[in-house]
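# Chains, contacts and geometry: an overview
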Amino acid sequence: MSQVTEYSAKVMDHFMHPRNVGEIADADGVGTVGNAVCGDIMRMYLDIDENGIIQDAKFKTFGCGAAVATSSMATELVRGKTIQEALLVTNKAVAEALDGLPPVKIHCSLLAEQAIHAALWDYAEKHNIRIEGLKPPVNDINETEEFYEMEEQ
Ligand code: FES
């Protein structure tokens, strides 16, 4: 992915017209994560059917433009997916689907990835199951290993 210094047309579109904003009443999984450094917070709601397919995803984000755009794209990417497929919706996948993010905004996409993981964790706890490859959620993305890897790049 080439280095981007400004927002792509797709980022602007998802920021100006975010998809799937809102809440899901009685969601199967709800996850909230924040970034204590910038103060942004994202909450993700997932509706997952008995076959483990994500039927619906909605979000509420109190944050920067990139955080809104990445949440919007993340909900689009996980809809219709299985839980294991949703785990492949990494921050990199979200950023790529948006045609890239400026380097200083890459961490915002980590909020989207971690919000999905937190919602899946909540789903697993409610259903008393274990999701292969899913790590316990963090409240603050600055606590994740991925965040430190990003900082070192
Ligand atoms: Fe905080 Fe973008 S600056 S998530």
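A few points on the structure. (Residues numbered from 1 in each chain as written. Predicted model: local features only at pLDDT ≥ 70, side-chain atom pairs only at ≥ 80, totals over all residues. Heavy atoms only, no water.)

## Remarks on the environment of Ser 8
Selection criterion: A run of H or I in DSSP becomes a helix once it reaches four residues, and a run of E becomes a strand once it reaches two; helices and strands are each numbered from the N terminus. Think of it in three bands: residues with accessible area under 20% of the maximum for their type are buried, residues over 50% are exposed, and the middle band is partly exposed, with areas taken using a 1.4 Å probe on protein chains only.
As for its placement among the helices and strands, Ser 8 is situated in the segment before helix H1 (9–16). A relative accessible area of 12% means that Ser 8 is categorised as buried. Placed 91 residues apart in sequence, Ser 8 and Asp 99 show a C-alpha to C-alpha distance of 6.3 Å.

## Quick notes on helix H5 (residues 106–127)
To keep it simple, the criterion reads: Multiply 1.5 Å by the residue count of a helix minus one, and that product is the helix's expected span.
Taking 1.5 Å per residue, 22 residues should reach 32 Å; H5 reaches 33 Å between its end C-alpha atoms and fits that length. For H5, the tally of buried residues reaches 17 of 22 residues, placing the bulk of the element in the interior. Phi turns positive one or two residues past the end of H5, at Asn 128, with a value near 55°.

## Side note on the side chain of Gln 114
Looking at the element boundaries, Gln 114 is found in helix H5. Overall, Gln 114 belongs to the buried group, its relative accessible area being 6%.

## Some points on the packing of H1 against helix H2 (residues 65–78)
For the record, the criterion: Each axis is a line fitted through C-alpha atoms, and for a helix only the stretch in contact is used; angles between axes span 0 to 180 degrees, taken between their N-to-C directions. Should an angle fall under 35 degrees it is taken as roughly parallel, and over 145 as roughly antiparallel, whereas 65 to 115 is taken as roughly perpendicular and any remaining angle as oblique. The contact definition used throughout considers only heavy atoms, calling two residues in contact when any of these lie within 4.5 Å. Here the term charged refers only to Asp, Glu, Lys and Arg, the term nonpolar to Ala, Val, Leu, Ile, Met, Phe, Trp, Tyr, Cys and Pro, and the term polar to all other amino acids, Gly among them.
As a packed pair, H1 and H2 sit with axes 8 Å apart at the nearest point and diverge in direction by 90°. By the criterion of interaxial angle, the relationship of H1 to H2 is roughly perpendicular. Seen from H1, the contacting residues are Val 11, His 14 and Phe 15; seen from H2, they are Gly 65, Val 68, Ala 69, Ser 72, Met 73 and Glu 76. In the contact of H1 with H2, the residues fall into five nonpolar, three polar and one charged.

## Overview of the sheet that holds strand S3 (residues 54–62)
The line we're drawing: Think of it this way: DSSP has to see at least two bridges between two strands before they count as a pair.
Taken in spatial order, the three strands line up as S1-S2-S3 in an open sheet, and their pairing is antiparallel. Strands with a single pairing partner mark the edges of an open sheet, and in this sheet they are strand S1 (29–35) and S3. Averaged over all pairs of adjacent strands, the angle between strand axes in this sheet comes to 15°, irrespective of strand direction. The sheet contact formed by S1 and strand S2 (residues 40–48) spans seven bridges and is antiparallel. By the bridge assignment, Gly 29 is partnered in S2 with Leu 46. Helix-sheet contacts for H2 involve S2 and S3, and the interaxial angle to S3 is about 175°. Strand contacts of H5: S1 and S2, with the helix running at about 145° to S1, the strand carrying the most contacts.

## A word on the packing of H2 against H5
This is how the line gets drawn: We call a crossing left-handed when the near helix sits turned anticlockwise from the far one by less than a right angle, and right-handed when that turn is clockwise.
Running from N to C, H2 and H5 cross one another at 40°; their axes reach a closest spacing of 8 Å. Overall, the two elements H2 and H5 adopt an arrangement that is oblique. Judged by the twist between their axes, the crossing of H2 over H5 is right-handed. Where H2 approaches H5, its residues Ala 66, Ala 67, Thr 70, Ser 71, Ala 74 and Val 78 are matched on the opposing element by Cys 108, Ser 109, Leu 111, Ala 112 and Ile 116. Split into classes, the residues belonging to the contact of H2 with H5 amount to eight nonpolar, three polar and no charged.

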